[in-house]
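For reference, the chains in residue letters:
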Amino acid sequence: MFSYEIEPDQVIRVILLLVIGLPLLGLLRTYIRKFITDKYSAHYAMLIAKTFFYVGFAILFVMILHELGFRLGPLLGAAGILGVAIGFASQTSVSNIISGFFLIGEKAFVVGDIITINNTTGVVLSIDTMSVKMRAFDNHMVRIPNEMMLKSQVTNITRYPIRRASIKLSVAYKEDLENVRKVIIDVVDKNMFALQEPACMIHFDSFASSSIDMNLRAWCQKEHFIDMVTSLNFEIKRRFDEEGIEIPYPHLSLYTGEKTRAFPISSGKDDTPEMFKTDEKKE
Amino acid sequence: MIWGDYKLKKNQELNLSIKDVLDLHIARKEQEVWISFERLASIFSDTGSVPTVETEQDAPDALQLKELQGTSITEQTGEDYIYDLPDRGWSRWALRSAKPEISLIPTFPDLSFIVRPDYPFRLAPGAQAKIYTRIPLSIGVFDKSDGMLKLCEINTVEMVKSWFGTFEDGEVCYWLKTTASQVVRQEMFRAHRCYCPVVIKNNSSEFLNVEKLCLRVDRLSVFELENKLWSDEMKIVHEGGDNFSDLIVSGKPPNEAPKAKLIGKPRNPVRKGIAERTFKLLQMPSLKF
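Residues numbered from 1 in each chain as written. Chains lettered and ligands numbered in written order. Predicted model: local features only at pLDDT ≥ 70, side-chain atom pairs only at ≥ 80, totals over all residues. Heavy atoms only, no water.

Peer 1: Run through the overall build of chain A, naming residues and quoting values.
Peer 2: Counting secondary structure elements, chain A contains eight helices and eight strands. Within chain A, the fraction of its 283 residues that count as buried is 32%. Partitioning the contacts of chain A with sequence separation of at least 6, the portion at a separation of at least 24 is 57%. For chain A, the computed accessible surface area is about 18400 Å², with 62% contributed by carbon and sulfur atoms. (Helix = DSSP H or I, 4+ residues; strand = E, 2+ residues; numbered from the N terminus. Buried < 20%, exposed > 50% of the residue type's maximum accessible area, 1.4 Å probe, protein only. Contact = heavy atoms within 4.5 Å. Areas by Shrake-Rupley, 256 points an atom, 1.4 Å probe, with all protein chains shown as cover.)

Listed below in structure tokens is the structure:
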């Protein structure tokens, strides 16, 4: 018959291990995380601190078992068999864990990067055992399983220090394109967020149905992207107005029947075509 | 000259001006110092609302330096005076010192400059050239009574930035067009600009194309002589190959103004043995896509 007795000194030693070991692990993890964040990066800090904590916890657990008199050999053997069984039962979890290792090893992104995955953009908060946690810009916390991260296309927006913005511009056919080009380049030159190099480029995009479409490509530091795009758009509109450059837009005419004239787009003189004038108007 | 130390009495406002460039206002309320500035962009921009690319072509001729800067002190009384100050976007500084003494020191801006000559030139193997550029300075505002506690830095002019490096790695710099004149032109001295002599020596066996160069101004000091500002001489020695160049900063007044007095120390006082990228251009293999 199985009998097991625990001596009081065993209990004291286990309590001491728990009372001293756990807070010590926590404190060391915090210190390591802070130290490595200051010296290197938040990403490495998170990885090293987590590794330290889990290894330390495992050692503490083994020490407690040892204090309680368990023989670790048979236990490890049983744990191996149990592991296989659990592995079969939880393939998704195991897949996420293994994917997590690949994500960390591949370093496609690190903690603090801004990434886009499946139309969700946010800041990477942590790369955990099972999932990547992101803070979206509307302040939602998004959890994405590691397996999905590995299978999906991930765009790292902040990997490189500079970014290019593409701004689509349309001008009327009557405009002098060389003048338009000069105005746009002048606006970019004076923008405090746009970089002088790499130089901006203006591409002639297409002859559209009612406009000539162009594409302005300007560069900025990654942290100034929104500021640059916003200020460029404001300033281009202002300068186009000043220079009398027309930005065409679709006009919509509404008719209530063939007996009525169209709602006028321009006011002032009566430029309604003869065929649209009512009988009353004709007289 | 606006540079120097200013003891501010209680409820006193100090108005400093670099003509057509910058108005600086410093006011005191008890231990609090209020600072504001206005950049007078009108001569840099036709609209006055946006900055433009810094060039050296910013000023009419024949203006006297003394006319380009001024100082005035406005003294007001009454406890509420400070709250009636014009709305200028003040920044407030609560200081330790009971009687703060404000020190204004000329300093080079916090980033390096990419200096682009109007007309690039090629330097023959073994040849040496000396060019002059005029760098716009920053105003360092310190509390002298508290061990030169730094309060803020104000660039005298708004400057645009550029990138020096590759698409993956590099550094942000200010962008400056220069005539890269080989002579000192007395009419080009300005109150907010520092004349920088730069010696370029080509030790490589090929022509060196000086289309633009990265001027690391954090190593330069500011010297003053007869209201004119000078930096120490920077020597760039191009050895070819990997695009790294040796930088040597003299740390003393330039030969053009040997009696000039040191009024602004360098941010990074390293003088010799520094190899930095100076001539490397941006690699643009993917720019067309």
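Back to the text.
Peer 1: I'd love a proper account of the sheet that holds strand E12 (residues 149-155) of chain B, names of residues and values included.
Peer 2: All names here are of chain B. One open sheet accounts for four strands, arranged E1-E7-E11-E12; its pairing is antiparallel. The outermost strands of the open sheet, each flanked by one partner alone, are strand E1 (4-7) and E12. Strand-to-strand twist across the sheet, computed as the mean angle between neighbouring axes with direction ignored, equals 25°. (Pairing = 2+ DSSP bridges. Axes fitted to C-alpha atoms, helices over the stretch in contact; angles between N-to-C directions.)

Peer 1: Report on the confidence of the model for chain B, specifying residues and quantitative values.
Peer 2: Residues and elements named next belong to chain B. The predicted model of chain B averages 79 in pLDDT, with 76% of residues at 70 or higher. Here residues 42-52 is modelled with pLDDT under 50, and outside its nearest four sequence neighbours on either side it reaches 21 contacts, counting other chains as well. Low pLDDT, under 50, characterises residues 58-63; the predicted model gives this stretch 10 contacts beyond four residues in sequence or across chains. Both scores are given for the predicted complex: the pTM is 0.72, the ipTM 0.74. (pLDDT = per-residue confidence, 0-100.)

Peer 1: Can you lay out the domain arrangement of chain A for me, pointing to particular residues and giving the numbers?
Peer 2: Examined at the domain level, chain A breaks down into domain 1 (8-89), domain 2 (107-156) and domain 3 (162-243). Summarising the inter-unit geometry, the C-alpha centres of domain 1 of chain A and domain 3 of chain A are found 57 Å apart. (Domains from an automatic or database assignment.)

Peer 1: I'd love a proper account of helix H4 (residues 91-106) of chain A, names of residues and values included.
Peer 2: Residues and elements named next belong to chain A. Over its 16 residues, H4 runs 22 Å from end to end, which matches the ideal 22 Å to within 8%, given 1.5 Å per residue. For H4, the complete set of buried residues consists of Asn-96, Ser-99, Gly-100 and Leu-103. Across the axial projection of H4, the buried residues extend over an arc of 115°, all falling on one side. Along H4, the residues that are exposed and aim more than 90 degrees away from the buried face are Gln-91, Phe-101, Phe-102 and Gly-105. Against the buried residues of H4 lie strand E3 (131-136), strand E4 (141-145) and helix H5 (146-151). Of the residues flanking the end of H4, it is Lys-107, one or two places downstream, whose phi is positive at about 55°. (Expected span 1.5 Å × (residues − 1). Arc of directions from axis to C-beta.)

Peer 1: Mind laying out the packing of helix H1 (residues 8-39) of chain A against helix H2 (residues 42-67) of chain A, listing which residues take part and the relevant values?
Peer 2: The geometry of a pair of packed helices is captured by two quantities: the angle between their axes and the separation between those axes. The N-to-C vectors of H1 of chain A and H2 of chain A enclose an angle of 170°; their axes lie 8 Å apart at closest approach. One finds that H1 of chain A runs roughly antiparallel with respect to H2 of chain A. (Parallel < 35°, antiparallel > 145°, perpendicular 65-115°, else oblique.)

Peer 1: Give a description of the environment of Ala-191 of chain B that names residues and reports values.
Peer 2: Looking at the secondary structure, you find Ala-191 of chain B in the loop between strand E14 (170-178) and strand E15 (193-202). In this structure, the C-alpha to C-alpha distance between Ala-191 of chain B and Thr-156 of chain B, residues 35 residues apart in sequence, is 9.9 Å.

Peer 1: Talk me through the sheet that holds strand E7 (residues 201-207) of chain A; I want residue IDs and the actual numbers.
Peer 2: Residues and elements named next belong to chain A. If you trace the three strands from one edge of the open sheet to the other, you get E6-E8-E7, paired in antiparallel fashion. Only two strands of the sheet have a single neighbouring strand rather than two, namely strand E6 (162-171) and E7. Within the sheet, the average angular offset between the axes of one strand and its neighbour, ignoring direction, is 25°. Inspection of the sheet shows E7 paired to strand E8 (residues 212-221) by six bridges, in the antiparallel sense. Paired with Phe-207 across the strands is Ile-212, a residue of E8. This element, helix H6 (residues 177-190), spans E6, E7 and E8 of the sheet and lies at about 20° to E8.

Peer 1: Before we move on, could you go through the pairing of E12 of chain B and cite the residues and values that matter?
Peer 2: Residues and elements named next belong to chain B. Sheet topology note: the strand E11 (residues 138-143)/E12 ladder contains six bridges and is antiparallel. For Gly-140, the partnering residue across the bridge sits in E12 and is Glu-153. Between E11 and E12, which pair antiparallel one after the other, the connecting turn spans five residues, and Gly-147 there sits at a positive phi close to 60°.

Peer 1: Account for the side chain of Ser-231 of chain B, naming residues and giving values.
Peer 2: Position of Ser-231 of chain B relative to the elements: it lies in strand E19 (residues 228-231). In this view, Ser-231 of chain B contacts Phe-108, Cys-194, Tyr-195, Cys-196, Pro-197, Leu-220, Ser-221, Phe-223 and Pro-254 of chain B; residues no more than four positions away in its chain are not counted.

Peer 1: Outline the packing of aromatic side chains, listing residues and values.
Peer 2: Inspection of every chain in the model, using the stated rule, returns 12 aromatic pairs over all chains. Considering the side-chain rings of Phe-53 of chain A and Tyr-54 of chain A, the 6.1 Å spacing of their centres and the 70° angle between planes classify their relative orientation as edge-to-face. With 5.0 Å between their ring centres and 45° between their planes, Trp-219 of chain A and Phe-167 of chain B make a pair best called tilted. Note that Trp-219 of chain A is positioned in strand E8 and Phe-167 of chain B in the loop between strand E13 (161-165) and E14, a pairing that runs across two chains. Pair check on accessibility: Trp-219 of chain A and Phe-167 of chain B agree, each one buried. For Arg-29 of chain A, the ring lying beneath its charged end belongs to Phe-53 of chain A, and the centroid distance is 4.2 Å. (Phe/Tyr/Trp six-rings, centres within 6.5 Å; stacked < 30°, edge-to-face > 60°. Lys NZ or Arg CZ within 6 Å of the ring centre and 35° of its normal.)

Peer 1: I'd love a proper account of the packing of H6 of chain A against helix H7 (residues 225-243) of chain A, names of residues and values included.
Peer 2: Residue and element names in this part refer to chain A. Relative to each other, H6 and H7 sit at 140°, their axes nearing to 10 Å. Viewed along their axes, H6 and H7 adopt a mutual orientation that is oblique. Considering the relative orientation of H6 and H7, their crossing is right-handed. Contacts between H6 and H7 involve Asn-179, Val-180, Val-183, Ile-184, Asp-186, Val-187, Val-188 and Lys-190 from the former and Leu-232, Glu-235, Ile-236, Arg-239, Phe-240 and Glu-243 from the latter. Classifying every residue of the contact of H6 with H7 by side-chain character gives eight nonpolar, one polar and five charged. (Left-handed = near helix turned anticlockwise from the far one by under 90°. Nonpolar A, V, L, I, M, F, W, Y, C, P; charged D, E, K, R; others polar.)

Peer 1: Pulling in residues and values, what's your account of the pattern of salt bridges?
Peer 2: Residues and elements named next belong to chain A. Using the criterion set out here, one finds 24 salt bridges over all chains in the structure. A salt bridge links Asp-128 to Lys-133, with the shortest nitrogen-to-oxygen separation between them at 2.7 Å. Linked through salt bridges whose partners overlap, the residues forming this network are Asp-186, Lys-190, Arg-239 and Glu-243. (Salt bridge = Lys/Arg side-chain N within 4 Å of Asp/Glu carboxyl O.)

Peer 1: Could you give me a rundown of the pairing of strand E1 (residues 114-117) of chain A, with the residues and numbers involved?
Peer 2: Across a regular strand the side chains alternate sides, sitting on one face of the sheet and then on the other. Residue and element names in this part refer to chain A. Side chains Ile-115 and Ile-117 project from E1 onto a buried face, and the interleaved Ile-114 and Thr-116 project onto a face without burial. Sheet analysis places E1 next to strand E2 (residues 120-127), joined by four bridges and oriented antiparallel. Bridge pairing links Ile-117 to Thr-120 in E2. Where E1 folds back on E2, the antiparallel hairpin that results is connected by two residues, among which Asn-118 adopts a positive phi of roughly 50°. One ladder, built from three bridges, connects E1 with strand E5 (residues 154-156); its direction is antiparallel. Within E5, the position partnered with Thr-116 by the bridge is Thr-155.

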